[in-house]
Amino acid sequence: MTTFDAACLLVSRSQTADEGPIIRMSQRARALRAAGMDVVSMTLGEPDFDTPATIQAAATAAMQSGFTHYSPVMGIPELRAALSRKLKAENGLDYGPDDICLANGAKQAIANAILSIIGPGDEVIMLAPFWVSYEITVRFAGGTPIVLHAGIEEDYKVPAQRIAQAITPRTKLIIVNSPSNPTGAVWTRAELAALADLVKAHPQLMVMSDEIYEYIIFDGAMTSIGALPGMGERTITVNGFSKGFAMTGWRLGYAAAPAPIARAMARMQSAISAGANQFVQRAAIAALEGPRDAVEIMRQAYLRRRDQVLAGLKALPGVRIGNIPATFYAFPDVSALLGRRAGNHVIDSTETLCDWLLDEHGLATVPGSAFGAPGSLRLSFACSETEIDKALSRLRAALARLS
Ligand code: PLP
């Protein structure tokens, strides 16, 4: 009898769907903790706050009122109307309720959008450092990621002239993420206007603007590129409830797009999943239209932690960090440390550095290679000030050992 090997059935797509270092580092941190090690984890991009009580209460009430059934594929009309109002009032965007498709998280909304418009041969410009899921999804769709880099000298924002040079007749989409995971960069109105001019000069080109960190800005202001003149028809705007409202586990996000794309996204949503969770959508209306004090309290907490992390990192030799105008991530450039040694250990990459920090100093971080920027580390400061203190002193002690 032949033995059956299920691994033989796997197709290459299943390898493409690898979030790699982020998951690897958070799982290693968890395993070491379970084995009794004292580990500070700065790996996951997840608020440490619970969802505000008013939102929880709205979900409970919705459940008790019987909203436990399948929802319409695009989402319940009341939420799509509330989102249309929010996008107009807060972002200056003109999307009607029928241009908005809810999904089980912004991640799925992004997948719906990319799978709707990208196919084999299509190029997608991605601005590194970028959130890893964009690249995975573009590859899933058969598209070709074209990665452009900006470093700390450019505040991690690729200038429009360099983007212009990368556009070919096959370029269909440019992905913008402001505020950015992992750098916290916020694009100014002028920077987005320069990008918008480029897009409008090419008839086949659109932007996907991921705005999920819009409520966690400390310096500067939010600009939605889709609100710039002539950009409404050229922009897919993605957003969600996970970060600003601390609703990661609830799985609700959305994409707003010109009607034909919105309808295509709904077909993707229907084919792969179904309408997003109905009582969560009811709670999302409470999140959007109820009091926002909790959102502001969380932002203030992230701001204090941002200052704490920046002060700590700036004092470390070999570590370069600019401002962090938004989000709960620090993305220090540690390329000056590569090649140094700790005893017999050579720190030849940020992967090695991350493994060494975790194994020998109990500090879990993510290597920048996960975000297309191999000279940096990502530290999520969505954790308590005590944890941040601990993390910074571990990092200080570790780096002091390098020669
Ligand atoms: N977009 C960015 C830039 C993110 O960092 C994340 C989550 O880390 C998402 C989208 C996905 O959010 P959601 O939890 O709504 O799927």
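Residues numbered from 1 in each chain as written. Predicted model: local features only at pLDDT ≥ 70, side-chain atom pairs only at ≥ 80, totals over all residues. Heavy atoms only, no water.

Visitor: Residue-level account of the overall build of the protein, with values.
Guide: Of regular secondary structure, the protein possesses 13 helices and 14 strands. What you see for the protein is a C-alpha radius of gyration of 21 Å, in line with the 22 Å of a compact globule of 403 residues. Counting across all 403 residues of the protein, residues that qualify as buried make up 55%. Of the roughly 16500 Å² that the protein leaves accessible, carbon and sulfur atoms contribute 55%. The positive charge centre, built from 37 side chains, and the negative charge centre, built from 38, are 1 Å apart in the protein. (Helix = DSSP H or I, 4+ residues; strand = E, 2+ residues; numbered from the N terminus. Rg over C-alpha atoms; globule rule 2.2 N^0.38 Å. Buried < 20%, exposed > 50% of the residue type's maximum accessible area, 1.4 Å probe, protein only. Areas by Shrake-Rupley, 256 points an atom, 1.4 Å probe, with all protein chains shown as cover. Lys, Arg positive; Asp, Glu negative; His and termini not counted. Charge placed at Lys NZ, Arg CZ, Asp CG, Glu CD.)

Visitor: I'd like a description of the environment of Met 37, backed by residues and values.
Guide: You can see Met 37 is positioned in the loop between helix H2 (21–34) and strand S1 (40–41). Judged by its relative accessible area of 26%, Met 37 falls in the partly exposed class. Between the alpha carbons of Met 37 and His 361 there is a distance of 10.0 Å; along the sequence they are 324 residues apart. In contact with Met 37, other than residues within four places in its own chain, are Leu 32, Leu 358, Asp 359 and Gly 362. (Contact = heavy atoms within 4.5 Å.)

Visitor: Describe the site of the ligand, and please don't skip the residues or the numbers.
Guide: The immediate surroundings of the ligand are formed by 13 residues, with Ala 106, Asp 210, Tyr 213, Ser 242 and Lys 243 found nearest. Between the ligand and Ala 106 there is a distance of 2.7 Å, counted from an oxygen atom to a backbone nitrogen or oxygen. One of the side-chain nitrogen or oxygen atoms of Lys 243 is found 2.7 Å away from an oxygen atom of the ligand. Out of a free accessible area of 400 Å², the ligand has 92% covered by protein chains. Here the shell around the ligand is built from residues that sort into five nonpolar, four polar and four charged. (Near = heavy atom within 4 Å. Polar contact = N/O pair within 3.5 Å; in protein donor to acceptor, adjacent residues only side chain to side chain. Nonpolar A, V, L, I, M, F, W, Y, C, P; charged D, E, K, R; others polar.)

Visitor: Tell me about the domain arrangement of the protein, and please be specific about residues and values.
Guide: How big an interface is tends to be stated in terms of accessible area lost as the parts join. Domain boundaries assigned for the protein yield domain 1 (6–50 + 294–400) and domain 2 (66–289). Taken over C-alpha atoms, the centre of domain 1 sits 26 Å from the centre of domain 2. Contacts between domain 1 and domain 2 engage 36 residues on the former and 33 residues on the latter. By the criterion of area lost to domain 2, the three top residues of domain 1 are Pro 325, Thr 327 and Phe 371, representing 19% of everything that side buries. Where domain 1 touches domain 2, the interface holds two salt bridges. When the shortest N-O distance is used, the salt bridge between Arg 320 and Glu 153 registers 3.4 Å. The tally of links between domain 1 and domain 2 comes to 15 residue pairs in polar contact (both at pLDDT 80 or more). At the level of secondary structure, the elements contributing two or more residues to the side of domain 1 that touches domain 2 comprise helix H1 (13–16), helix H11 (293–314) and strand S9 (329–330). Counting residues per element, the side of domain 1 that touches domain 2 draws most heavily on H11, which supplies six residues. (Domains from an automatic or database assignment. Buried area = accessible area lost by both parts, 1.4 Å probe. Salt bridge = Lys/Arg side-chain N within 4 Å of Asp/Glu carboxyl O.)

Visitor: Give a description of the packing of aromatic side chains that names residues and reports values.
Guide: A full pass over the atoms with the stated rule returns 11 aromatic pairs. For the ring pair Trp 131 and Tyr 134, a centre distance of 5.5 Å and an interplane angle of 85 degrees mean the geometry is edge-to-face. The same class applies to Trp 131 and to Tyr 134, which are both buried. Between Tyr 302 and Phe 328, the ring centres sit 5.1 Å apart and the planes meet at 55 degrees, which makes this aromatic pair tilted. Taken as a pair, Tyr 302 in helix H11 and Phe 328 in the loop between H11 and S9 lie far apart in primary sequence, 26 residues in all. A connected cluster of aromatic rings, assembled from ring pairs, spans Phe 49, Tyr 213, Tyr 302, Phe 328 and Tyr 329. For the cation-ring pair, Arg 282 lies above Phe 67, with the distance from its terminal atom to the ring centre recorded as 3.8 Å. (Phe/Tyr/Trp six-rings, centres within 6.5 Å; stacked < 30°, edge-to-face > 60°. Lys NZ or Arg CZ within 6 Å of the ring centre and 35° of its normal.)

Visitor: I'd like a rundown of the pattern of salt bridges, residues and numbers included.
Guide: This structure, assessed with the given rule, holds 26 salt bridges. A salt bridge links Lys 88 to Asp 94, with the shortest nitrogen-to-oxygen separation between them at 2.9 Å. Judged by relative accessible area, which is 44%, Lys 88 ranks as partly exposed. Exposure remark for Asp 94: the relative accessible area of 60% places this residue in the exposed category. In the salt-bridge network here, residues are joined through shared partners; they are Arg 24, Arg 28, Asp 355 and Asp 359.

Visitor: Outline helix H6 (residues 132–140), listing residues and values.
Guide: Taken together, the buried positions of H6 are Val 132, Ser 133, Tyr 134, Ile 136, Thr 137 and Val 138. Following H6 by one or two positions, Gly 142 adopts a phi angle in the positive range, close to 90 degrees.

Visitor: Residues and numbers for the nonpolar core, please.
Guide: Met 42, Ile 114, Leu 173, Ile 175, Met 208, Ile 236 and Leu 313 are the most contacted members of the largest nonpolar core, which has 75 residues in total. Counting residues domain by domain, this core receives three or more from each of domain 1 (6–50 + 294–400) and domain 2 (66–289). Those residues within four positions of Ile 175 in sequence are excluded, and the remaining contacts are Ile 114, Val 124, Ile 125, Met 126, Leu 127, Tyr 134, Val 138 and Met 208. Among the nonpolar cores identified, the runner-up in size contains 27 residues, and Ala 82, Leu 93, Ile 100 and Leu 288 belong to it. (Core = buried A, V, L, I, M, F, W, Y, C linked by side-chain atoms within 4.5 Å.)

Visitor: Outline the side chain of Ser 26, listing residues and values.
Guide: Mapping Ser 26 onto the fold places it in helix H2. Those residues within four positions of Ser 26 in sequence are excluded, and the remaining contacts are Thr 43 and Leu 44.

Visitor: Describe the sheet that holds strand S14 (residues 377–380), naming the residues involved and giving the relevant values.
Guide: By way of backbone hydrogen bonds, the strands of a sheet pair with one another, either parallel or antiparallel. Spatially, three strands are ordered S9-S14-S13 in an open sheet, and the strand pairing comes out antiparallel. Strand pairing shows two members of the sheet lacking a second neighbour, S9 and strand S13 (366–367), which therefore form its edges. Here S9 pairs with S14 via two bridges, running antiparallel. Residue pairing across strands places Ala 330 opposite Leu 379, the latter belonging to S14. (Pairing = 2+ DSSP bridges.)

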